[in-house]
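# A structural walkthrough
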Amino acid sequence: MPERELTFAQAVREALAEEMRRDSRVCILGEDVAEAGTPFKVLSGLVEEFGAKRVVDTPISEAGFTGVAVGAAMAGMRPVVDIMFGDFITLTMDQMVNQAAKVHYMSGGHWKVPMVMRTTLGATRRSAAQHSQSLHAWFSHVPGLKVILPSTPYDAKGLLKSAIRDENPVVFFEDKMMYKLKGPVPEDDYTIPLGVADVKREGDDITLVATSSMVQVALGAADLLDREGISAEVVDPRTTWPLDEETLIDSAKKTSRVIVLDEGYGRYGVTSELAAVIAEGAFYDLDAPVKRMGAMHVPIPFSPLLEDATVPTEQNVFEVARSMCQ
Amino acid sequence: MSAVTSKPETAGTAEKSTSEKEKWLHAHRQMVSIRLFEEQVNELYTRALMPGLAHLYSGEEAVAVGICEALRIDDYITSTHRGHGHCLAKGAAPDRMFAELLGKEAGYCRGKGGSMHIADPATGNLGANAIVGGSVGIATGAAFAAKNLGTDRVVVCFFGEGALGQGSLYEVMNLAQLWKLPVIYVCENNQYNEYTHYQDTTAGTILGRAVAFGIETAKVDGQDIRAVNKIAAGLIQRARSGDGPAFLQCDTYRYSGHHVGDIHREYYRSKHEEQLWKTERDPIRLLGSWLIEQGYADAPALETISLEARKSIEAAVKFAIDAPYPSVSEVDEDVYA
Ligand SMILES: Cc1ncc(C[n+]2csc(CCOP(=O)(O)OP(=O)(O)O)c2C)c(N)n1
């Protein structure tokens, strides 16, 4: 029997539905999450099954309802907040960074904040500078938060279920260009542990470490490289924190060349951290400096040709990789 | 080129020499131009010629025009994701606006901003904003500058009732009243935050929020441009003479979906409701009937205004379609001043 396929959006919805059935403390808070099912329709059908008490429409008050989720989590619930566009996490920063991330530590381990924030990342949707950013590095920087960057429907379901069961605040970034991507997703109740990387493709000549939206780009580049006789390995860390340093370093040692790809800004960003981890762990096995590729250091422009120039493409990655292997 | 006639230095009610008739014929033309502009946006978007998102202002024209007609060209406005009407009403040219909507170099922001970020210093437009409530600080800050630099400029901060959910609005309203800043907070209550009726997201009353700070408040039928203009003119004059901020609630309606593409919307509002607003409460038709009643125009005269506006808008669309895209090398220009 062929494996069942779901879109990325369906996988997210299934994870939520399964966890809500399993645990009555799980609820969803966000703007237009109920009847509308969010503008991306990711949550459609959930309010019909779970009711308006558990799938709760909020006013446009990101700071307010994120704070409510922090308090509700401390007092025994497991809220999942929906922040429509990743750009709007800026409005929730105090709640996430000064409150959620620190409560457990500051209370000497007494209080816990088992909440999840789901939000989006990714450009090339022509949504301009305030609806296109990939700001996951910001949360990855903060002790006390965990950050997940799923790149396939399979990973999305398994990782989101782990996030909801986790005892800590977890931020889950969905690439909005990936919602329609299809892939095999088992019907059973599986979870994927946080902090375990996945080798999406094995290879010997160069490692492409890629996150979220950049995994598909890396896989496409690997196909192009294959035609030139270059064998690329694609490694997806899946979570920026906790980080599976070992898998990244092992792959770097094996291939001796590494490109790190992530759609956030490179400066002080995720690619910088991953490159540093690899450089520290595999320095004596590397044949070339670790190369970083990410969003150009500009606000995302609206005009299509300009916007496309800000994000790495299969062709860019292919060319950089080929020149590193020459 | 501009279908929206550019305004003289002291436009609107302030200009005594403008006769009542000319004033309202001009306002009518402005509203018609906005309506036709949005029709073209819908068309461009549906034909996949316009990238990104398009939030139409159709149905709300009397708010932008009624208020901007009471402003001077050097007064400031801040706008929203649903901002085309504000830009046009403040005097922007449709050709450069369409060019921006299509991401062209001739656009107001050289294609970098798009529909949700049009800004134009020449008409005092500090910018549209894609963050709900994102411009309340900017507007209040511009009022702070207007006062401290010794000008008598006034700032109008347009926002949808959805922005009442944002806490920063309450922080700046408090500042504005403490410091008697010349800012008018204009809440365009088109009844819906995206796909949710505002009564499901708004406790208490809208005006009660401003009353709590002791801010001057008013509420007006946002489909009646003469009422909007009259109330706005009073509040603006009051702010200009140093008496501080005001909060104006304009009840209105957006005719289309939240954005072009929000087609199946019966689950949050009925076709019947939409139809009622369009047939009973249309701001253009209401002003048109009044113009005819007053003997300021007859039906053929209004038809001529429409035809002329349509010609200009169509020419503006053509200009934008034919205009070149910016060179890719511009992508990292203007990051820093
Ligand atoms: C801070 C923030 N949250 C959410 C959004 C997504 N969003 C865009 S428009 C909108 C509804 C705004 O409603 P309202 O302010 O009433 O303006 P309207 O669209 O009705 O003109 C929402 C939720 C946003 N752009 N910014």
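Residues numbered from 1 in each chain as written. Chains lettered and ligands numbered in written order. Predicted model: local features only at pLDDT ≥ 70, side-chain atom pairs only at ≥ 80, totals over all residues. Heavy atoms only, no water.

## Quick look at the confidence of the model for chain B
Low pLDDT marks regions whose predicted coordinates should not be analysed in detail. Residue and element names in this part refer to chain B. Keep this limit in mind: Each residue gets a pLDDT score, which is the predictor's confidence in that residue and runs from 0 to 100. What makes two residues a contact is simply this: any of their non-hydrogen atoms within 4.5 Å.
A residue-level look at chain B finds 95% of positions with pLDDT of 70 or above and a mean pLDDT of 95. In the predicted structure, residues 5-17 sits below a pLDDT of 50 and forms 20 contacts with residues beyond four places in sequence or in another chain. Listed scores for the predicted complex are pTM 0.95 and ipTM 0.95.

## Observations concerning the interface of chain B and chain A
So the rule is basically this: Defined in terms of a 1.4 Å probe, buried area is the accessible area two parts forfeit on being brought together, summed over both. When a carboxyl oxygen of Asp or Glu is within 4 Å of a side-chain nitrogen of Lys or Arg, the pair counts as a salt bridge. In protein, a polar contact requires one atom able to donate a hydrogen and another able to accept it; more generally it is a pair of N or O atoms within 3.5 Å, and residues adjacent in sequence count only if both atoms are side-chain atoms. Residues are grouped as follows: nonpolar covers Ala, Val, Leu, Ile, Met, Phe, Trp, Tyr, Cys and Pro; charged covers Asp, Glu, Lys and Arg; every other residue, Gly included, is treated as polar.
Between chain B and chain A, the residue contacts involve 33 residues of the former and 33 residues of the latter. Buried area between chain B and chain A, summed over both chains or domains, comes out near 2,600 Å², and the portion from carbon and sulfur atoms is 67%. Linking chain B with chain A are zero salt bridges, by the criterion used here. Viewed at the interface, chain A and chain B are joined by eleven residue pairs in polar contact (both at pLDDT 80 or more). Classifying every residue of the side of chain B that touches chain A by side-chain character gives 15 nonpolar, 14 polar and four charged.

## Some details on the environment of valine 56 of chain A
All names here are of chain A. Test applied: Numbering of helices and strands runs from the N terminus; a helix is a DSSP stretch of H or I covering at least four residues, while a strand is a stretch of E covering at least two.
Mapped onto the secondary structure, valine 56 falls in strand 3 (residues 55-57). It is 50 Å that separates the C-alpha atoms of valine 56 and aspartate 205, two residues lying 149 residues apart in sequence. Other than its neighbours up to four places away in sequence, valine 56 contacts Ile28, Leu29, Gly30 and Val33.

## Observations concerning the domain arrangement of chain A
All names here are of chain A. Using the following cut-off: Domain segmentation is taken from an automatic or database assignment of domains.
Each assigned domain of chain A is listed here: domain 1 (5-184) and domain 2 (198-325). Taking only C-alpha atoms into account, the centre of domain 1 sits 26 Å from that of domain 2. At the junction of the two partners, domain 1 supplies 26 residues and domain 2 supplies 24 residues. If you sort the residues of domain 1 by the area they bury against domain 2, Arg126, Leu149 and Ser151 come out on top, with a joint share of 27%. Put simply, arginine 126 and aspartate 308 hold a salt bridge, and the shortest N to O gap is 3.0 Å. Applying the counting rule to domain 1 against domain 2 returns 13 residue pairs in polar contact (both at pLDDT 80 or more). Of all the secondary-structure elements, those providing two or more residues to the side of domain 1 that touches domain 2 are helix 5 (136-140), strand 6 (146-148) and helix 6 (153-165).

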